[in-house]
Amino acid sequence: MRARNRSWLMAIVAAAGLIASLFAYFQRGGGISHTGGAALVIVSTAIMLVATLVLALAQGAPGWLRGLLLAGCLIDDLGTGLAAYFLHAWLLVALMVVGLAGWLIAMLAGRGGAAAREAHS
Amino acid sequence: MRRRALIGVAIFAAAISALAYAFAPSPGAAPAAGGGVWSTFNGDLMAQKYAADIQITPGNAAHLKKVWEVHTGDVSHGSGGVPATDWSATPLFVNDTVYVSTPFYRIFAIQPDTGHVKWVFNPHATLKALTQPEMKTRGVAYWQAANPVPGQPCQKRVYVGTMEGKLYAVDADTGRPCVDFGRGGMVDVNQWNTVNPVWPLSLLQPPTVYGDMLIVGWAGKDWASKTAPPGWVFALDARTGKLKWTFNPLPPNSWQATGTSNVWASMSVDPEHGLLYLPVSSPSPNFYGGNRRQPLPYATSITALNAETGQVVWARQLVHHDLWDYDINSAPTLVDIQKDGRTIPALVQSTKMGFIFVLNRLTGEPIYPIVERPVPASNVPGEQASPTQPYADLPAPVIPDRWPGVSTLADVLSFGQCSRRAKQLRYLGKFTPPSLGAGSLEYPATAGGVEWGGGAVDPATQTYVVNTSSVAMIYQLLDRQKYQALNHAEDRANYYAQSGTPYGVHLTNFLNWLGMPCWKPPYGAIMAYDLKTGRTLWREPFGVVQKWGFYMPPSWGSVTIGGPVITKTGVIFIGASMDSKVRALDERTGRLLWWAQVDAPAVALPAVYTYRGRQYVLFTAGGNSILTPRLGDQLAAFALP
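Residues numbered from 1 in each chain as written. Chains lettered and ligands numbered in written order. Predicted model: local features only at pLDDT ≥ 70, side-chain atom pairs only at ≥ 80, totals over all residues.

**Section: the overall build of chain A**
When helices and strands are tallied, chain A shows four helices and zero strands. Secondary structure elements in chain A, listed N-terminal to C-terminal, are α-α-α-α. Put simply, chain A has 121 residues, and 37% of those count as buried. Considering only contacts in chain A between residues 6 or more positions apart, those separated by 24 or more positions represent 70%. (Helix = DSSP H or I, 4+ residues; strand = E, 2+ residues; numbered from the N terminus. Buried ≥ 20, exposed ≤ 12 C-beta atoms within 10 Å, placed from the backbone. Contact = placed C-beta atoms within 7 Å.)

Here you go:
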């Protein structure tokens, strides 16, 4: 249940990132409206949202798939954060920092949970 | 007895009239700046771009807010039937109204404090790329009668020109045509386009209004062919549109060999001495001069005329036998300089070559030295480049004498493409002539240096501020056979026929396959000079390069189009950069005081005015596809809360 909540947290961050990206793309006079860079972060946050939703909803997914999705989320988060930095989309940068923190928590908690399960077995 | 009395009354009346005429301030004119108005493209006739308004200061500029905006709707990205737009219009504030023209040549009259549109005039201009690749305007001109008669129309007039060469006059209060001007309110300058009329004379720059005269230059296609319309300047009666005088920078015996050397940029006027200053462009075609070997002393020059007669008072050629499209492209700034205990009536001319020429505006003699230096020879058959060119070392040129060299980042990311290409190009320093083969590396290129925005001056501190670009291009001549072998080369971007000569030309920015500049940054800067000494006061990278929305480091600066204005309180306002930001800087230090985002690059001079006790700064955010594809139709006003 806790792991599921942590995935939901990442999904919420990804959703917020997608909304921020869409706003940046369509905001008239926002500096990056209708640019390739803004379109790129729309795509990257959308992919992140899908991945985190899978993590949140498919708790029974195989470990390799969860690992792959978590690794993908990290790359996506870092890449989106870097792109947002060069787009001067500071809200998106902040969200990606929160997302990174969520990812780290998820990883550490996952390891802690695994260690606890090993101790009980 | 009665008859004698009548004669006496008549003589008395005539004497009174003569006295009144003698002491009248002027027969009519664009009002001077300094009273909170922005009456000409450059703010005033002396092209100082200086506002005497005092409400916005370096201390409070950070609090500026957008108070209104107008979207004209006149924007095109070129995807439909209308060419892309290039909105470089400086708004005017006169007659308690903001006036601005759009790239579709409509005039908007706007309430200065609310942005409410009072009226719109539509000349229904032809929206075709007749001479320029884009629909383009740099604004309107304003004239008012010395003593406007209440109730009479067209005592105050706004003028707009079109790409097809038509000049319209409308009533400043109503927007209705002034039917006494030309034919029904319109003068077609092409009626005088009788020598080599291969294209129309495009009126993109607003006329210069001096007294009751409109002084009109035009733009064309000086890259297209050997022969072209020679660069007539027309002085028209502001009321009737009748021709008062003409001036042509090219002698008649050259008209079968060349053309242009026209005045497409704004002009300046010294009202005290009655002198009109023309920034004269290069002769045609731009990049080959084997057809025009005779002396053309007014080509690529500053030429001073008697404003009343059009007679030449003095001229100084700033590029000999121009092969680089180094048009003199902005109105010289007129200012009195305190130097060595004397007050010198000066003229400051920024240039595409990066030189800042400071001359005595009454004589044309240099205030700071100009020296003739040997420059590279041409290796193109038929061409004979000038052996020397004028250099001005003080004030320091706005860009370095040598090109900055290959950018390591651009070279690495293109797997060495930049350095390989650089080795193939002919480069022997500034003024390397265009060449055959791989072509010549040109630095600065036709984009400057300083573009048509020119510089601004604070006449109190005698500080001159100017923005610049650092652009390297490749000029490659192609012999006629090779040029014609290219499929429809004339329709391909950056290929120009130069018909009537042995060579076409291919012009490209020196970029790698990713679109990155192959030369080292910074790509743009802004700087200030002390005109009393010629010393550089400060210099900073200006603007930010933006590609696909991504902002590059501020230390790279941005290529700039447009120019600065200065206020009495020492605030510089400028758009000009490709990042679609408008900025306020401190005149003393160049420090950024404020910025705001607008819809597109503000590639026009801003206008500064005060209305009902509140100071406004007004930016036209229209963009220019040379900088970035982002175009707009926004007029944005900023003021303190």
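Continuing now.
**Some points on the confidence of the model for chain B**
Mean pLDDT over chain B works out to 93, with 94% of the residues at or above the 70 mark. Complex prediction metrics read pTM 0.91 and ipTM 0.89. (pLDDT = per-residue confidence, 0-100.)

**Notes on the interface of chain B and chain A**
Residue-level contacts link eight residues of chain B with 12 residues of chain A. For the side of chain B that touches chain A, the class distribution of residues is four nonpolar, three polar and one charged. (Nonpolar A, V, L, I, M, F, W, Y, C, P; charged D, E, K, R; others polar.)

**Some points on the nonpolar core**
If you look at the biggest cluster of nonpolar residues, it comprises 222 residues, and the most contacted ones within it are Val140, Tyr142, Val216, Leu276 and Ala346 of chain B. When residues in this core are grouped by element, the largest group, eight residues, is from helix H2 (residues 36-57) of chain A. Excluding residues that lie within four positions of it along the chain, Val140 of chain B makes contacts with Leu92, Tyr99, Val100, Ser101, Ile107, Val158, Tyr159, Val160 and Pro206 of chain B. (Core = buried A, V, L, I, M, F, W, Y, C linked by C-beta atoms within 7 Å.)

**Side note on the environment of Leu49 of chain A**
Residues and elements named next belong to chain A. Turning to its location among the elements, Leu49 is positioned in helix H2. Taking C-alpha positions, Leu49 is 22 Å from Ser33, a pair spaced 16 residues apart along the chain. Those residues in contact with Leu49 that sit more than four places away from it in its chain are Ala11, Ala14, Ala15 and Leu18.

**Description of the sheet that holds strand S24 (residues 356-360) of chain B**
Residues and elements named next belong to chain B. The three strands lie next to each other as S22-S23-S24, forming an open sheet whose pairing is antiparallel. Every other strand in the sheet has two partners, leaving strand S22 (333-339) and S24 as the edge strands with one partner each. Across the sheet, the mean angle separating the axes of adjacent strands is 40° when strand polarity is ignored. (Pairing = 2+ DSSP bridges. Axes fitted to C-alpha atoms, helices over the stretch in contact; angles between N-to-C directions.)

**Some remarks on the pairing of strand S21 (residues 312-317) of chain B**
Residue and element names in this part refer to chain B. Both strand S20 (residues 301-306) and S21 contribute to a ladder of five bridges, which runs antiparallel. Directly across from Ser301, in S21, lies its bridge partner Gln317. In this structure, the hairpin formed by S20 and S21 is closed by a connection of five residues, where Gly310 is found at a positive phi of approximately 80°.

**Quick word on the sheet that holds strand S7 (residues 107-110) of chain B**
Residue and element names in this part refer to chain B. One open sheet accounts for four strands, arranged S5-S6-S7-S8; its pairing is antiparallel. In the strand order of this sheet, the two ends are held by strand S5 (92-94) and strand S8 (117-121), each with one partner. Strand-to-strand twist of the sheet, defined as the mean angle between neighbouring strand axes without regard to direction, takes the value 20°.

**Description of the environment of Ser284 of chain B**
Here Ser284 of chain B is to be found in the loop between strand S19 (275-279) and S20. The spatial distance from the C-alpha of Ser284 of chain B to the C-alpha of Gln498 of chain B is 8.2 Å, given a sequence separation of 214 residues.

**Brief notes about unusual backbone geometry**
All names here are of chain B. Going from Ser284 to Pro285, the amide bond is cis rather than trans, its omega being -15°. Along the chain, Pro285 turns up in the loop between S19 and S20. For the peptide bond that leads from Pro521 to Pro522, omega is 5°, which places it in the cis range. Residue position: Pro522 is located in the loop between strand S32 (503-509) and strand S33 (524-530). Of note, the phi angle at Asp96 is positive, near 55°, even though the residue is not glycine. With respect to the element layout, Asp96 can be found in the loop between S5 and strand S6 (97-101).

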